[in-house]
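# Fold and geometry: a report
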Amino acid sequence: MKRLAVLGHPVGHSRSPAMHGAALAELGLAGEWSYEALDLAPDEFERRARAMPGEGFVGANVTVPHKSAALALADTLSETSREIGAANTLSFDSGEIRADNTDAAGFLAALPAAPGGERALVLGAGGAARAVSWALLREGAEVEVWNRTELRSRHLCEELGGAPVSAPDPGGYDLIVNTTSVGLADEDPFAELPLTARGFGPGQTVVDLVYGDGPTRLLAAAAAAGAATVDGIEILVRQGALSLEVWTGREAPLDTMRAAARR
Ligand code: ATR
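Here's a quick rundown of the structure. Throughout, residues of each chain are indexed from 1 in the direction in which the sequence is written. Local features in this predicted model are restricted to residues whose pLDDT is 70 or higher, and side-chain atom pairs enter the listing and the counts only when it is 80 or higher, whereas totals over whole chains, interfaces and linings include all residues. In computing side-chain properties, one takes all heavy atoms of the structure into account and sets aside hydrogens as well as water.

### Some words on the overall build of the protein
- Each helix and strand counted, the protein has 12 helices and 12 strands in total.
- Relative to the 2.2 N^0.38 estimate, which gives 18 Å for 263 residues, the radius of gyration of the protein is 18 Å and therefore close to what a compact globule would have.
- For the C-alpha atoms alone, the extent of the protein along its principal axes is close to 55 × 35 × 30 Å.
- Counting across all 263 residues of the protein, residues that qualify as buried make up 49%.
- A separation of at least 24 residues holds for 63% of the contacts in the protein among residues at least 6 apart in sequence.
- For the area figures, the Shrake-Rupley method with a 1.4 Å probe applies, and any residue is considered shielded solely by the protein chains shown. Carbon and sulfur atoms provide 49% of the accessible area of the protein, an area that totals close to 11,600 Å². The numbering of helices and of strands both runs from the N terminus, where a helix is a DSSP run of H or I of at least 4 residues and a strand a run of E of at least 2. We compute the radius of gyration over the C-alpha atoms and compare it with the globule rule, which gives 2.2 Å times the number of residues raised to the power 0.38. Note on classification: 1.4 Å probe, protein chains only; a residue is buried when its accessible area is under 20% of the maximum for its type, exposed when over 50%, partly exposed between these limits. Only heavy atoms enter the contact rule, under which two residues are in contact if any of them lie within 4.5 Å.

Right, dumping it as structure tokens:
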């Protein structure tokens, strides 16, 4: 059996085993490959990850809070993961650990249109914000980054590009991406983030990496105002599909993965 797993925190990976399990079944690989969830505390990560190849694991997804530890652990890094400074995909092959980042390409694949030339606002400055900003900048978008702790957005822009912004005009963007954790615990996005529901409108795309059982308050307000929306489950599906392609070399069955992730 070729084992795959997601390493992380229960909140971040509850849908991944079902999503990948459905994909493996659809590809006819269910007898040969398996996918499970492993909950790990940060101080267990390195020891556990290094033991995995010996236990039959060939790959792993890595979620919060292990994405920079995953990068540090790897013997070889894809250019994308090195530039972003985080890895969400590990491959164990012939005694080597390889790190990839499929969050950036997964984010781009989830957008309704290529973002080149668009004005984009990224909210947050953690690992997810780094992947999103890197992807948007590479596609030629004009990126501004807002973060509650301004030092972190300044630091992100110094490293990756884009411009830190402290008081964005929410109406002034083609694309708004929430990469903060606001909304996970049902916080009011309009109290915590520099956004107003009236700032949204047709012609805009609003992306929320946070997901739950229904639309987040942020996406509900954006949709009500006529903006296009992309939710965190679509982003999860897209990064998962690309990880599956890294491990199996097969084209991932997107519809099957999406249906399983939304169930
Ligand atoms: P990740 O790697 O998933 O992006 P992270 O590094 O923990 O995770 O970042 C979480 C993000 O959510 C940060 O940008 C954080 O802002 P700070 O840098 O100021 O901590 C943001 N965040 C969390 N709670 C928030 C809140 N109530 N209001 C605004 N931003 C918040």
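### Some details on helix α10 (residues 217-224)
- The complete set of buried residues in α10 reads L218, L219, A221 and A222. With its buried residues spanning 160° around the axis, α10 presents them on a single face.
- Contact partners of the buried residues in α10: β10 (175-178), α9 (189-192), β11 (205-208) and β12 (228-230). Regarding the arc, it is the one traced by the directions from the helix axis to the C-beta atoms.

### A look at the site of the ligand
- Looking at the ligand, there are 15 residues lining it, with G127, N147, R148, T149 and R152 nearest.
- Polar contact criterion, stated in full: a pair of N or O atoms within 3.5 Å, where within protein one must be able to donate a hydrogen and the other to accept it, and residues adjacent in sequence count only if both atoms are side-chain atoms. Contacts to the ligand include A125, whose backbone N or O atom sits 3.2 Å from an oxygen atom.
- Residue R148 places a side-chain N or O atom 2.8 Å away from an oxygen atom belonging to the ligand.
- Here the ligand loses 75% of its free accessible area of 650 Å² to cover by the protein chains.
- For this scheme, ten residues count as nonpolar: Ala, Val, Leu, Ile, Met, Phe, Trp, Tyr, Cys and Pro. Four count as charged, namely Asp, Glu, Lys and Arg, and the remainder, Gly too, count as polar. Split by residue class, the shell around the ligand holds 4 nonpolar, 8 polar and 3 charged. Definition of nearness: a residue and a molecule or strand are near each other if at least one heavy atom of the residue lies within 4 Å of the molecule or strand.

### A closer look at unusual backbone geometry
- Residue V64 is joined to P65 through a cis peptide bond whose omega torsion reads 10°.
- Within the secondary structure layout, P65 lies in the loop between β3 (57-62) and α4 (67-73).
- In this structure, D186 is a non-glycine residue whose phi angle is positive, near 65°.
- Mapped onto the fold, D186 is located in the loop between β10 and α9.

### What to know about the layout of surface pockets
- Of the volumes computed, that of the second largest pocket is approximately 160 Å³.
- Of all the secondary structure elements, the ones that give two or more residues to the lining of the second largest pocket are α6 (103-110), α7 (127-138) and α11 (232-248).
- Broken down by class, the residue content of the lining of the second largest pocket amounts to 6 nonpolar, 4 polar and 2 charged. Grid spacing is 1 Å over the protein atoms alone, the probe is 1.4 Å, and a cavity is where that probe fits but cannot get out, while a pocket is an open set with protein on both sides within 12 Å along at least five of seven lines and lining residues have an atom within 4 Å of a point. Grid points are joined across faces, edges and corners, and a volume is the space filled by probe spheres set on the points.

### Some thoughts on the environment of F57
- Tracing the chain through its elements places F57 in strand β3.
- Residues F57 and A5 lie 52 residues apart in sequence; the distance between their C-alpha atoms is 7.7 Å.
- Not counting the four nearest positions on each side in its chain, F57 is found in contact with R3, L4, A5, E36, L38, M52 and F92.

### Focus: the sheet that holds strand β1 (residues 2-8)
- We treat two strands as partners when DSSP finds at least two bridges between them. Strand order in the open sheet formed by 6 strands is β2-β1-β3-β5-β6-β4, and the pairing between neighbours is mixed. Edge strands, defined here as strands with exactly one partner in the open sheet, are β2 (33-39) and β4 (76-77).
- Against the sheet, helix α2 (residues 16-26) touches β1, β2 and β3, its axis set at about 175° to β2. In this analysis an axis means a line fitted to C-alpha atoms, helices contributing only their contacting stretch, and an angle means the value between N-to-C directions, from 0 to 180 degrees.

### Overview of the side chain of R238
- With respect to the secondary-structure elements, R238 resides in helix α11.
- Polar contacts involving the side chain of R238 include one to the side chain of E234, which spans 2.9 Å.
- Sequence-distant contacts of R238, that is, excluding residues within four places in its chain, are made with G106, A109, A110, L254 and R258.

### So, the packing of aromatic side chains
- Centres within 6.5 Å make a pair out of two Phe, Tyr or Trp rings, where for Trp the six-membered ring is used; the pair is then stacked when the planes are under 30 degrees apart, edge-to-face when over 60, and tilted otherwise. According to the stated counting rule, one finds 2 aromatic pairs in the structure shown.
- Where Y35 meets W247, the ring centres are 6.3 Å apart and the plane angle is 50°; that geometry is what we call tilted. With a gap of 212 residues between them, Y35 in strand β2 and W247 in helix α11 connect regions that are remote in the sequence.
- A residue is classified by how much of its surface remains accessible, and Y35, at 10% relative accessible area, is buried.
- Positioned above the aromatic ring of Y173, the side-chain terminus of R119 is 4.9 Å from the ring centre. Put simply, a charge is over a ring when the Lys NZ or the Arg CZ is close to the ring centre, within 6 Å, and near the line of the ring normal, within 35 degrees.

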